[in-house]
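A look at the structure
So you can see what is in the structure, the chains are spelled out below.
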Amino acid sequence: QVQLVESGGGLVQPGGSLRLSCAASGFTFSQYTMSWYRQGPGKERELVARISNTGGNTIYGDSVKGRFTISRENAKNTVYLQMNVLKADDTAVYYCYAHWVENHHWGQGTQVTVSS
């Protein structure tokens, strides 16, 4: 059974940091490109960051470049999103997404709220 379980979300003040984790199971994690998406209130789901299966290539959404870092540990079947200098506009549900050829898997999401 494929599972992607996000954790690490919560309430943080503007300028603060959070680290999201996504633990994968039920598939060969090291084959998959992993991504973080987010969907804010009244907004469409958008790509936050993506990392290749080996971790050698990453891309970021324009709004998070220089503040967020995606990484992965294939030995632990886990992908991370380090989020620094958080802003109110970063408030969203953050989703983990796994993709390999025609195979696609989504996590259930974790809420991140940036507010004073």
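Our structure is the block above this text.
An account of the accompanying structure is given in this report. (Residues numbered from 1 in each chain as written. Predicted model: local features only at pLDDT ≥ 70, side-chain atom pairs only at ≥ 80, totals over all residues. Heavy atoms only, no water.)

Turning our eyes to something else, we now look at the side chain of Arg67. Locating Arg67 in the fold gives a position in the loop between strand 6 (58-60) and strand 7 (68-73). A polar contact of 2.8 Å, which involves the side chain of Arg67, links it to the backbone oxygen of Ser63. When near neighbours in sequence (up to four residues on either side) are disregarded, Arg67 contacts Gln82, Met83, Asn84, Val85, Leu86, Lys87 and Asp90. (Helix = DSSP H or I, 4+ residues; strand = E, 2+ residues; numbered from the N terminus. Polar contact = N/O pair within 3.5 Å; in protein donor to acceptor, adjacent residues only side chain to side chain. Contact = heavy atoms within 4.5 Å.)

Each aromatic ring pair is characterised by the separation of its centres together with the angle its planes make. Scanning the model with the defined rule gives 7 aromatic pairs in all. Between Phe27 and Phe29 the ring centres are 6.5 Å apart and the planes differ by 45°, which places this aromatic pair in the tilted class. Here Phe27 and Phe29 have matching classes, each one buried. Note on Tyr37 and Tyr97: the rings are 5.7 Å apart at their centroids and 90° apart in plane angle, and the pair reads as edge-to-face. Of this pair, Tyr37 sits in strand 4 (residues 33-39) while Tyr97 sits in strand 9 (residues 92-100), and the two are 60 residues apart along the sequence. By way of ring pairs, the aromatic residues Phe27, Phe29, Tyr32 and Trp100 are connected into one cluster. Sitting over the ring of Tyr80, Arg19 keeps its end group 4.0 Å from the ring centre. One Lys or Arg, Arg45, reaches over the ring of Tyr95 and ends 3.8 Å from the middle of that ring. (Phe/Tyr/Trp six-rings, centres within 6.5 Å; stacked < 30°, edge-to-face > 60°. Buried < 20%, exposed > 50% of the residue type's maximum accessible area, 1.4 Å probe, protein only. Lys NZ or Arg CZ within 6 Å of the ring centre and 35° of its normal.)

Sheet architecture is open: 4 strands sit in the order 1-3-8-7, paired in antiparallel fashion. The sheet is open, and its two edges are formed by strand 1 (3-7) and strand 7, each paired on a single side. Ignoring which end each strand starts from, the neighbouring axes of this sheet average 15° apart. Across 6 bridges, the pairing between strand 3 (residues 18-25) and strand 8 (residues 78-83) is antiparallel. Along strand 8, the bridge assignment pairs Ser21 with Tyr80. (Pairing = 2+ DSSP bridges. Axes fitted to C-alpha atoms, helices over the stretch in contact; angles between N-to-C directions.)

Further remarks concern the pattern of salt bridges. This structure, assessed with the given rule, holds 5 salt bridges. Between Glu73 and Lys76 there is a salt bridge whose closest N-O contact spans 3.9 Å. Taking the relative accessible area as the measure of exposure, Glu73 reaches 31% and is therefore partly exposed. The class for Lys76 is exposed, based on a relative accessible area of 55%. Overlapping salt bridges bring together Arg38, Glu46, Arg67 and Asp90 as one network. (Salt bridge = Lys/Arg side-chain N within 4 Å of Asp/Glu carboxyl O.)

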